[in-house]
Number of protein chains: 6
Amino acid sequence: MKVYLTRRERFNAAHKLWVEDWTEEKNREVFGKCCNKNWHGHNYDLFITVKGTPDPITGFIMNVKELSTIIKERIIEKLDHSNMNLDVDFIPKGMQPTTENLVVLIWKELEATIKEQGGELHCVKLYETENIFAEYYGE
Amino acid sequence: MKVYLTRRERFNAAHKLWVEDWTEEKNREVFGKCCNKNWHGHNYDLFITVKGTPDPITGFIMNVKELSTIIKERIIEKLDHSNMNLDVDFIPKGMQPTTENLVVLIWKELEATIKEQGGELHCVKLYETENIFAEYYGE
Amino acid sequence: MKVYLTRRERFNAAHKLWVEDWTEEKNREVFGKCCNKNWHGHNYDLFITVKGTPDPITGFIMNVKELSTIIKERIIEKLDHSNMNLDVDFIPKGMQPTTENLVVLIWKELEATIKEQGGELHCVKLYETENIFAEYYGE
Amino acid sequence: MKVYLTRRERFNAAHKLWVEDWTEEKNREVFGKCCNKNWHGHNYDLFITVKGTPDPITGFIMNVKELSTIIKERIIEKLDHSNMNLDVDFIPKGMQPTTENLVVLIWKELEATIKEQGGELHCVKLYETENIFAEYYGE
Amino acid sequence: MKVYLTRRERFNAAHKLWVEDWTEEKNREVFGKCCNKNWHGHNYDLFITVKGTPDPITGFIMNVKELSTIIKERIIEKLDHSNMNLDVDFIPKGMQPTTENLVVLIWKELEATIKEQGGELHCVKLYETENIFAEYYGE
Amino acid sequence: MKVYLTRRERFNAAHKLWVEDWTEEKNREVFGKCCNKNWHGHNYDLFITVKGTPDPITGFIMNVKELSTIIKERIIEKLDHSNMNLDVDFIPKGMQPTTENLVVLIWKELEATIKEQGGELHCVKLYETENIFAEYYGE
């Protein structure tokens, strides 16, 4: 019996989309206003889903407070109020901090730690605006 | 051709998380403030998804008003303004009314009735707060 | 590595649910207030999900501005401020514009165009109200 | 001591903005897509605010269930699934059913009935979309 | 120059509406399902608004982190995961914990402390559900 | 007869809160993580309210498309995807781009232009996150 449990956390960050090897013109063509050299930013909504069988005594798949603590320590403390192109150790320099890349990078940061706590990561979902979000299921 | 149709219903209820065989200290350690002996409560948002092929004449998988009526009669009338530890016949006494347990219990209440009405239950999703929700797909 | 990217667009439209071959009484019985001969309407929220591997340079599965442009040109310009029973070329006359039928019709409008742009359509999700939505995954 | 209590109700309706004395060109210029002769529609969110002093025994300004009943009987039953240009007795024929006009018309429908029940109407607020709303305070 | 600044905080609590001097029948008639003797509960959204002139150096009316700390210490720690009829020192025993009464009680708890921190309380707004909220402006 | 009409627009921007004359320590103490030298950012929700009497023919206080155009040309084009400390002509250099300062600056940008179009500005409201917003009424 598989039940899925999701926890939302939030962070606010700056970024820009900019390929160093490209001209400004090409960056502008591909990334539009997202390539502003002085950065812009977003409020991000992050949804982390774990799956498992509810414990017969506690009714928990995983203690949601522990899940929240893991997400905060591994992800939110690094991303919140950061510049994602410059400040975050798990985002490779030069990799564009798009929503698509971020869900994969966040998955890699969380998967092992959640497993150590007895959980199994199922999905990383990230809203960049109310109109755009990405999801990654680990494969 | 499978289309998925979801109906939201809402209920407000009290509960606590408390294992009788444990000390207060252990309950506090595992459940935190959720073990307050005087209860606390939530506004729950329930999303019921059925699947099927749209009828060529009505364009319906299942009449959403009938689906709503089933959810209200089987679930909302029992849970709304209830104490989920004490008042609800389909929640076994002593079972923790966690979001994870609730989605499984609600599935069991709805599956057969929806089938009788020609529908096929696909997912039960329940929000406890804007930050926590659980899902169950029947297996 | 599959990542899923979703773009939301919105439209406002009128419709009614009405089967010509039925009596008014039967229409009323099946469709309730949705069969008002003078129409009613909704604000629709449309979520289009594509899947793919993020490009190693841009970090994009698909340029979300291009995706937005496709959705606007193929879907929103036709549906927004329309009467869906009368005005929309891709909705067959006599087919009920239910949420379930709409997600399938929208899928058919978008699938090929998105493929031409190098994307792969994964899901069409449509909210009719805050309480009702449908999803279609192409099969 | 004045406390303000607000109840939300919802309705879905069709309308168009069209001045009979104008050419189609002028209607198009002023009203844009809202003048589609075949109508369009919206999900409306209606917020009714009453003010008063909480009763020392019940803690109520006004019983919110009674307030809800008044709004449903006087407003929602008439507007929900209606065509607001054709079907609604309290909207004068030829008056444009704009959000601005609707809040004034709804005020007039509610004020006396709420007063009969011991309440005092303070504000009518109406969302047409997530991006547009109007408010009226009775003067 | 007056600018208004609002901070949202949230709490989850149980309560019931029940007048001891009344029969069960009368309680049921006035309070409906809200008088369930085993309690029910809600997720509450609390919006606290202060007013003032932005400081010419910091651009702050009041440091929003300090405002958040005050709200958490004075209100949220007492109300969150509480039974509002039994557990909260600033709610008089026997007073109904209606949304209308709560906004006045919360005002009284916050007004002086906010003034000590150089702020001026303007409004307490409390959502009980997505459909009901109350506001109090101190007079 | 005064009716209030509100239009929402959105922008995404980077900023930091940092007083040049202060030490890093003092900046950190007052602004917390908001003083990160590499910036951070937000999705801002801007609500512009105008007031007036509905025109007897159009039912408009002010054409909401014109209002939207003014907001986009005067505010959104300058703020969207900007760095608010560096890029925006109507934000004085050295002034902190707090939500409180922004609502006053936006008021000044909009008031005259809205008046020229026959409208009267009533309120500028700006959400920085789901938990923080500021309002300004022009005095």
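For the structure, see preceding data.
Please read all numbers here as calculations on a predicted model, not as lab measurements.

## Details of the overall build of chain A
A count of helical and extended segments in chain A gives 3 helices and 5 strands. Counting from the amino terminus, helix and strand elements in chain A follow one another as β-α-β-α-β-α-β-β. By principal-axis analysis of the C-alpha atoms, chain A measures approximately 60 × 25 × 25 Å. Within chain A, the fraction of its 139 residues that count as buried is 65%. Taking the contacts inside chain A whose residues are at least 6 apart along the sequence as the reference set, 67% of them involve residues at least 24 apart. Of the accessible surface of chain A, which amounts to about 5,700 Å², a share of 46% is contributed by carbon and sulfur atoms. With 18 positive and 23 negative side-chain charges, chain A shows a spacing of 2 Å between the two charge centroids.

## Remarks on the packing of aromatic side chains
Following the criterion strictly, the structure yields 48 aromatic pairs over all chains and no others. Summarising the aromatic geometry, the rings of Phe-11 of chain A and Tyr-44 of chain A are spaced 4.9 Å apart at their centres and angled 15 degrees between planes, so their arrangement reads as stacked. Taken together, the positions of Phe-11 of chain A in strand 1 (residues 3-15) and Tyr-44 of chain A in strand 2 (residues 40-52) put the pair 33 residues apart, joining distant regions of the chain. For the pair formed by Phe-11 of chain A and Tyr-44 of chain A, the shared burial category is buried. Through pairs of rings, three or more aromatic residues link up here, namely Phe-47, Tyr-127 and Phe-133 of chain A, Phe-47, Tyr-127 and Phe-133 of chain B together with Phe-47, Tyr-127 and Phe-133 of chain C. The ring of Trp-18 of chain D is capped by Lys-16 of chain D, whose NZ or CZ atom sits 6.0 Å from the centre of that ring. Over the face of the ring belonging to Phe-47 of chain F we find Lys-125 of chain F, whose NZ or CZ atom lies 6.0 Å from the ring centre.

## What about the relation of the copies chain F and chain A?
The transform that puts chain F on chain A rotates by 180 degrees and translates by 0.0 Å along the axis, for an RMSD of 0.0 Å. The superposition of one copy onto the other is thereby described by a two-fold rotation axis. Looking at the interface residues of chain F, 100% of them are also at the interface in chain A, so both copies use one shared face.

## A closer look at the pattern of salt bridges
Applying the stated rule across the entire model yields 57 salt bridges over all chains. The salt bridge partner of Arg-8 of chain F is Glu-130 of chain D, with a shortest N-O separation of 2.8 Å. Of this pair, Arg-8 of chain F sits in strand 1 (residues 3-15) while Glu-130 of chain D sits in the loop between strand 4 (120-129) and strand 5 (132-136), on two different chains. The exposure class of Glu-130 of chain D is partly exposed, given its relative accessible area of 29%.

## Quick word on the packing of helix 2 (residues 64-79) of chain F against helix 3 (residues 99-116) of chain F
Residues and elements named next belong to chain F. Orientation of helix 2 relative to helix 3, taken along the N-to-C sense of each, is 150 degrees, at an axis distance of 10 Å. Considering their axes alone, helix 2 and helix 3 lie roughly antiparallel with respect to each other. Seen along the crossing, helix 2 lies across helix 3 with a hand that is right-handed. Between helix 2, through Leu-67, Ile-70, Ile-71, Arg-74, Ile-75, Lys-78 and Leu-79, and helix 3, the contact on the second element is made entirely by Ile-106, Glu-109, Leu-110, Thr-113 and Ile-114. Of the residues in the contact of helix 2 with helix 3, the class split is 8 nonpolar, 1 polar and 3 charged.

## Observations concerning helix 2 of chain F
Of all the bends in helix 2 of chain F, the largest measures some 45 degrees and sits at Lys-72 of chain F. Structurally, helix 2 of chain F contributes buried residues whose contacts are with strand 5 of chain D together with strand 1, strand 2 (40-52), strand 3 (82-83) and helix 3 of chain F. Where helix 2 of chain F begins, one side-chain oxygen reaches toward the backbone nitrogen of Lys-65 of chain F, 3.0 Å away; that side chain belongs to Asn-63 of chain F. Once helix 2 of chain F finishes, His-81 of chain F follows within two positions and takes phi at roughly 60 degrees, a positive value.

## Some remarks on the environment of Phe-11 of chain E
Residue and element names in this part refer to chain E. Accessibility expressed as a relative area gives 0% for Phe-11, which makes it buried. Taking the C-alpha atoms as reference, Phe-11 lies 21 Å from Cys-35; in sequence the two are 24 residues apart. If we skip the residues at most four places from it in the chain, Phe-11 touches His-42, Asn-43, Tyr-44, Leu-46, Ile-76, Leu-79, Asp-80, Met-84 and Leu-126.

## Focus on the interface of chain F and chain A
Every contact between the two is made by 24 residues of chain F and, on the other side, 24 residues of chain A. Note on chain F versus chain A: buried area summed over both sides is about 1,900 Å², and carbon and sulfur give 41% of it. Our enumeration of links across chain F and chain A arrives at 6 salt bridges. Joining chain F to chain A, the criterion identifies 19 residue pairs in polar contact (both at pLDDT 80 or more).

## Considerations on helix 2 (residues 64-79) of chain A
Every buried residue belonging to helix 2 of chain A is among Val-64, Leu-67, Ser-68, Ile-70, Ile-71, Ile-75, Ile-76 and Leu-79 of chain A, and all of these are buried. Residues of helix 2 of chain A that are buried sit in contact with strand 1, strand 2, strand 3 (82-83) and helix 3 (99-116) of chain A together with strand 5 (132-136) of chain B.

## Topic: the side chain of Lys-51 of chain F
Residues and elements named next belong to chain F. Its place among the elements puts Lys-51 in strand 2. No salt bridge is formed by the buried Lys-51; the nearest opposite charge belongs to Glu-120, separated by 4.0 Å. Each residue touching Lys-51, except ones within four places of it in the same chain, is listed here: Lys-2, Val-3, Tyr-4, Ile-61, Glu-120 and His-122.

## Overview of the environment of Thr-23 of chain C
Tracing the backbone through its elements, the reader meets Thr-23 of chain C in the loop between strand 1 (3-15) and helix 1 (24-31). Through-space distance from the C-alpha of Thr-23 of chain C to that of Lys-125 of chain C is 32 Å; in sequence the pair is 102 residues apart.

Cut-offs used in this document
Residue numbers run consecutively from 1 along every chain, following the written order of its sequence. Whichever chain is written first becomes A and whichever ligand is written first becomes 1, with later ones labelled in order. Where local features are concerned, this predicted model is filtered to residues with pLDDT of at least 70; where side-chain atom pairs are given and counted, the filter is 80 or more; whole-chain, interface and lining totals use all residues. Only hydrogens and water are set aside when side-chain values are computed; all heavy atoms of the structure are taken into account. Helix and strand definitions here come from DSSP, where helices need a minimum of 4 consecutive H or I residues and strands a minimum of 2 consecutive E residues; each element is numbered from the N-terminal end. Per-residue accessibility, obtained with a 1.4 Å probe over protein chains only, is compared with the maximum for each type, and a residue is labelled buried under 20%, exposed over 50%, and partly exposed between these values. Contacts between residues were defined by any pair of non-hydrogen atoms, one from each residue, lying within 4.5 Å. Note on areas: these come from Shrake-Rupley sampling with a 1.4 Å probe, and a residue is covered only by the protein chains present in the view. Note that His is not counted, nor are the chain ends; the positive residues are Lys and Arg, and the negative ones are Asp and Glu. All charge positions are set by atom: Lys at NZ, Arg at CZ, Asp at CG, Glu at CD. Two aromatic rings from Phe, Tyr or Trp, using only the six-membered ring of Trp, form a pair when their centres are within 6.5 Å; if the ring planes differ by under 30 degrees the pair is stacked, by over 60 it is edge-to-face, and anything between is tilted. In this scheme, the term charge over a ring applies when either NZ of a lysine or CZ of an arginine sits within 6 Å of the ring centre and within 35 degrees of the ring normal. Copies overlap after least-squares fitting; the atoms used are the C-alpha atoms of residues with pLDDT of at least 70 in both. Here a salt bridge means any side-chain nitrogen of Lys or Arg lying within 4 Å of a carboxyl oxygen belonging to Asp or Glu. The angle between two axes is taken between their N-to-C directions and runs from 0 to 180 degrees, where each axis is a line fitted to C-alpha atoms and a helix contributes only its stretch in contact. Working definition: roughly parallel below 35 degrees, roughly antiparallel above 145 degrees, roughly perpendicular at 65 to 115 degrees, and oblique for all remaining angles. Helix crossings get a hand from a simple test, with the near helix turned counterclockwise from the far one by less than a right angle marking a left-handed crossing and a clockwise turn marking a right-handed one. Asp, Glu, Lys and Arg are counted as charged, while Ala, Val, Leu, Ile, Met, Phe, Trp, Tyr, Cys and Pro are counted as nonpolar; the rest, among them Gly, fall into the polar class. Two axes are fitted around each residue, one to the seven residues ending there and one to the seven starting there, and the angle between them is reported as the bend at that residue. Pairs of N or O atoms within 3.5 Å make up the polar contacts considered here, provided that, within protein, one atom can donate a hydrogen while the other can accept it, and that residues adjacent in sequence are counted only when both atoms are side-chain atoms. Using a 1.4 Å probe, buried area is obtained as the accessible area two parts lose upon being combined, added over both of them.

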